[in-house]
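# Coordinates in review
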Amino acid sequence: MLPVSLLLLIPLLPFAGFIIAGLAGRRLPPGLSGIPGTLFTALSFFLSLMTAWNYFFVSGKVSGSYSEIIPWSMHWLDLGGVLSINMGILLDPISVMMIVMVTFISLMVHLYSIGYMKGEERVSSFFAFLSLFTFSMLGLVLSSNLFQTYVFWELVGISSFFLIGFHYQRPGAVAASKKAFIVTRFADLGFLIGILILSYYSGSLDYSGIKSSLIPATSPSFVHASTASFMGVSAVTWGLTLVFAGGAGKSAMFPLHIWLPDAMEGPTPVSALIHAATMVVAGVYLVARLFPLYDMVSPGAAEIVTCTGAVSAFLAAVIACTQTDIKRILAYSTMSQIGFMMFALGVSGYGGENGTGFTGSMFHLFNHAMFKALLFLASGLIIHFVHSNEIKDMGGLRKKMPVTHITFLIACLAIAGIPPFSGFFSKEEILLASYQYGKGIYVLALITSGITAFYMFRLYYSIFWNRESSHHSGHREGKIIMLIPLLLLGILSAASGFIPFGKFVSTDGKPLESEFHLTFSLLPVGLAIAGILLASLLFKNRNDRPGKIAAMFSGFYLTVKNKFYIDEMYLFVTKNIILRGVGAFAAWFDRDIINGLVNTIGAVTQVFSLSISEMQSGKIQGYASWFFAGLVGLILMFIYIHIS
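The model shown is predicted, which means the values in this text are computed figures rather than measured ones. (Residues numbered from 1 in each chain as written. Predicted model: local features only at pLDDT ≥ 70, side-chain atom pairs only at ≥ 80, totals over all residues. Heavy atoms only, no water.)

### With respect to the overall build of the chain
- Along the chain, the regular secondary structure elements total 25 helices and 6 strands.
- Projected onto its principal axes, the C-alpha coordinates of the chain cover approximately 115 × 60 × 55 Å.
- Across the 644 residues that make up the chain, the buried fraction comes to 55%.
- Of the contacts made within the chain by residues no fewer than 6 positions apart, 79% connect residues no fewer than 24 positions apart. (Helix = DSSP H or I, 4+ residues; strand = E, 2+ residues; numbered from the N terminus. Buried < 20%, exposed > 50% of the residue type's maximum accessible area, 1.4 Å probe, protein only. Contact = heavy atoms within 4.5 Å.)

Listed below in structure tokens is the structure:
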């Protein structure tokens with residue numbers, strides 16, 4: 001195992017990039033302001049690779065299975081001797097996999113941003129926020145306890161606020177950053193309450209302590225947590241459900257998904273970082289981190305994870321079919337793919353082949369990071385080339401943007417689940433797990449998979465085919481520093497599916513052999529090909545078929561295009577119930593009761609002070625009169641007491 005000092009450098013190096021870019025970045029030439037953060041991220045990636053090699057091939061396997069290792073821990077707070085908060089580093093298969101993925105994607109985004117942000121204002125601030133984001137995510141995945149996770153969870157939130165609203169001159173960017181921050185705050189409140197519930201009944205905040213305390217079902221802590229209930233639901237189920245609520249908000253699951261499409265107001269590299277390897281997969285990682293509890297302790301909470309993930313995947317895929325902004329299509333694609341990861345965790349069991357869903361979810365998380373980062377970075381080049389986000393302004397770009405075209409096609413094939421590209425292997429494991437769980441979830445997942453292939457190739461054909469290019473842009477496809485990340489991500493999107501992922505990541509740490517079932521794969525692949533052929537028929541060449549179909553189902557089409565009016569429902573509830581109802585009552589109570597009471601006390605005090613102000617007039621004659629009056633009063637009082 002690497003020395004602790006080197007392990008600590010993995011998150012601290014990006015933090016150093018944040019400090020340097022934030023404090024000294026403006027003193028550097030604009031073209032060099034991104035160099036420190038990029039170099040520190042590259043070093044962090046190198047250390048992550050060394051950690052992964054040492055963990056998976058040298059010291060991580062004990063008695064045939066990968067174990068949890070805490071190489072560094074520091075006692076931080078002691079809460080009355082009952083509960084303590086520690087800060088530590090936890091290494092296990094999923095945390096090691098995550099640090100490699102996060103640092104690699106962040107490095108690609110840093111490299112790409114050096115070219116993409118050239119000529120922008122506040123470039124040093126942009127790279128400072130990127131480094132802070134990377135530090136926050138690395139701190140989150142390495143955390144050894146729930147409270148430490150929550151601290152970095154909030155840092156991820158504030159970093160996203162800065163990045164989404166980077167172009168603060170645009171009202172849309174400001175509104176989007178506030179929307180993301182507010183929606184995720186509601187979810188994080190649930191997360192915090194869930195942490196308090198789990199720590200109260202388990203007596204620990206450490207992941208290992210919570211698991212060992214609540215598992216097995218005969219443990220006193222579990223009996224206490226399962227017998228205590230609220231509204232007929234056990235405390236442990238409440239705790240895990242509320243923790244999942246935090247993850248659902250961060251990962252943009254229905255119905256807390258409304259912030260994700262608006263987050264596209266941030267610069268395109270930000271979209272790649274948020275969607276590929278950081279913010280939106282944090283919720284999936286959180287559920288995976290507590291997976292034994294969901295499976296063994298609270299099947300009810302696991303069912304909530306399953307249903308939420310499946311509905312989110314299907315809903316987002318349907319909406320993506322009608323959107324016309326390239327980045328919003330990719331945003332809904334992210335929501336759909338995260339939904340796949342979520343319901344895969346929900347349908348998974350623990351141990352051996354029962355954990356196929358867990359392994360498939362983590363494998364898809366890894367593959368998705370590659371092809372989704374590629375899609376967003378390629379979209380940045382496309383937008384820069386045509387000066388528009390709308391796909392109606394694109395078309396015929398395959399010859400003018402050959403590198404972008406090939407890499408974008410690879411990513412589309414990967415996300416569509418076409419063999420031998422990476423998404424096929426991980427998606428097949430998820431579909432297999434859902435098939436073993438129940439036919440309803442499997443059918444919904446299968447339909448969603450086919451829709452995914454359709455809307456991604458609708459996007460591909462609309463950009464690179466559809467019509468002869470009418471763009472006569474004077475600049476090239478992109479700078480070499482922007483094309484290198486596309487090529488590297490394209491290679492990984494094509495090849496990462498061949499990684500024997502189950503040998504490294506499983507529910508119990510023991511290697512899981514993944515088998516390829518040709519007969520099982522025929523239907524998913526066939527549906528994906530059908531989706532591609534349908535997209536080719538409708539969008540490869542310009543025709544009026546899409547318009548006719550939209551007109552034929554105009555009511556449904558408009559409903560889907562307007563995202564099922566979910567945003568409007570939120571606005572209605574916010575304005576008419578929260579603001580006009582609860583808010584108006586709170587304002588009246590504050591104004592008339594609280595302020596009225598305070599003002600009344602002040603008025604009474606003022607009247608009383610005015611009534612006795614004559615006693616302090618400054619006139620000696622008045623003071624003498626009050627003195628003799630008091631003296632006479634005392635004499636009369638003593639005479640009365642003596643007589644009585």
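### Re unusual backbone geometry
- A cis amide bond links Phe254 to the next residue, Pro255, at an omega of 5°.
- Topologically, Pro255 is positioned in the loop between α9 (235-250) and α10 (259-262).
- A cis geometry characterises the amide bond from Pro419 onward to Pro420, with omega recorded as 5°.
- Checked against the element boundaries, Pro420 lands in the loop between α17 (402-416) and α18 (422-437).
- Unlike most non-glycine residues, Ala252 shows phi in positive territory, near 60°.
- Inspection of the secondary structure puts Ala252 in the loop between α9 and α10.
- In this structure, Tyr565 is a non-glycine residue whose phi angle is positive, near 55°.
- Looking at where Tyr565 falls in the secondary structure, it is placed in the loop between α23 (554-561) and α24 (566-611).

### Focus on the nonpolar core
- Formed by 177 residues in total, the largest nonpolar core has its most connected members in Met98, Met101, Ile105, Tyr294, Met362 and Phe408.
- Sorting elements by how many residues they give to this core places helix α16 (residues 356-386) first, with 19 residues.
- By size, the runner-up hydrophobic cluster in this structure holds 15 residues, among which are Ala310, Phe343, Ala433 and Ile441. (Core = buried A, V, L, I, M, F, W, Y, C linked by side-chain atoms within 4.5 Å.)

### Examining the packing of helix α3 (residues 93-116) against helix α20 (residues 480-495)
- Taken N-terminus to C-terminus, the directions of α3 and α20 make an angle of 150°; their axes are 7 Å apart at the nearest point. As summarised for this structure, α3 and α20 are arranged roughly antiparallel, according to the angle between their axes. Viewed along their axes, α3 and α20 form a crossing whose handedness is left-handed. Of the residues in α20, those touching α3 at Phe104, Ile105, Met108, Leu111, Tyr112, Ile114, Gly115 and Tyr116 are Ile481, Met482, Pro485, Leu486, Leu488, Leu489 and Leu492.
- Taken together, the residues that form the contact of α3 with α20 break down as 14 nonpolar, 1 polar and no charged. (Axes fitted to C-alpha atoms, helices over the stretch in contact; angles between N-to-C directions. Parallel < 35°, antiparallel > 145°, perpendicular 65-115°, else oblique. Left-handed = near helix turned anticlockwise from the far one by under 90°. Nonpolar A, V, L, I, M, F, W, Y, C, P; charged D, E, K, R; others polar.)

### Here we look at the layout of surface pockets
- By volume, the largest pocket amounts to about 920 Å³.
- Elements that contribute at least two residues to the lining of the largest pocket include exactly α19 (439-464), α21 (518-539), α22 (545-552) and α23.
- Residue composition of the lining of the largest pocket, by class: 17 nonpolar, 9 polar and 4 charged. (1 Å grid on protein atoms, 1.4 Å probe; cavity = no way out; pocket = protein on both sides within 12 Å on 5 of 7 lines; lining within 4 Å. Points joined across faces, edges and corners; volume = space filled by probe spheres on them.)

### Side note on the packing of α16 against α20
- Interhelical geometry of α16 versus α20 gives an angle of 150° and a closest axis separation of 9 Å. In this view, α16 runs roughly antiparallel relative to α20, as classed from their interaxial angle. The two elements α16 and α20 cross, and the hand of that crossing is left-handed. In this structure, α16 uses Met370, Phe371, Ala373, Leu374, Leu377, Ala378 and Leu381 to contact α20, whose residues at the interface are Met482, Leu483, Pro485, Leu486, Leu489, Gly490, Leu492 and Ser493.

### Regarding helix α7 (residues 207-214)
- Most of α7 sits inside the fold, with 6 of its 8 residues counted as buried.
- Considered for burial, the residues of α7 that qualify are Tyr207, Gly209, Ile210, Lys211, Ser213 and Leu214.

### Some details on a nonpolar patch on the surface
- A cluster of nonpolar side chains, contributed by Phe627, Phe628, Leu631, Val632, Ile635, Leu636, Ile639 and Ile643, occupies part of the molecular surface with about 820 Å² of accessible area.
- One can find Val632 in helix α25 (residues 620-643).
- Relative accessible area serves as the criterion here: at 46%, Val632 is assigned to the partly exposed category. (Patch = residues over 30% accessible without salt bridge, like charges linked within 9 Å, V, L, I, M, F, W, Y side chains within 5 Å. Areas by Shrake-Rupley, 256 points an atom, 1.4 Å probe, with all protein chains shown as cover. Salt bridge = Lys/Arg side-chain N within 4 Å of Asp/Glu carboxyl O.)

### Quick word on the environment of Ala176
- Within the secondary structure, Ala176 is located in helix α6 (residues 171-202).
- Taking the relative accessible area as the measure of exposure, Ala176 reaches 2% and is therefore buried.
- Separated by 83 residues in the primary sequence, Ala176 and Trp259 have C-alpha atoms spaced 7.1 Å apart.
- Excluding residues that lie within four positions of it along the chain, Ala176 makes contacts with Ile164, Asp262, Ala263 and Glu265.

### Some thoughts on empty space enclosed by the protein
- Counting across every chain of the model gives 1 cavity of 30 Å³ or more.
- The calculated volume of the largest cavity comes to roughly 40 Å³.
- What lines the largest cavity is simply Ala416, Gly417, Phe424, Lys427, Glu428, Leu431, Ser449, Pro524, Val525 and Ala528.
- Among the secondary structure elements, those contributing two or more residues to the lining of the largest cavity are α18 and α21.
- The leading source of residues in the lining of the largest cavity is α18, at 4 residues.
- In terms of residue class, the lining of the largest cavity is built from 6 nonpolar, 2 polar and 2 charged.

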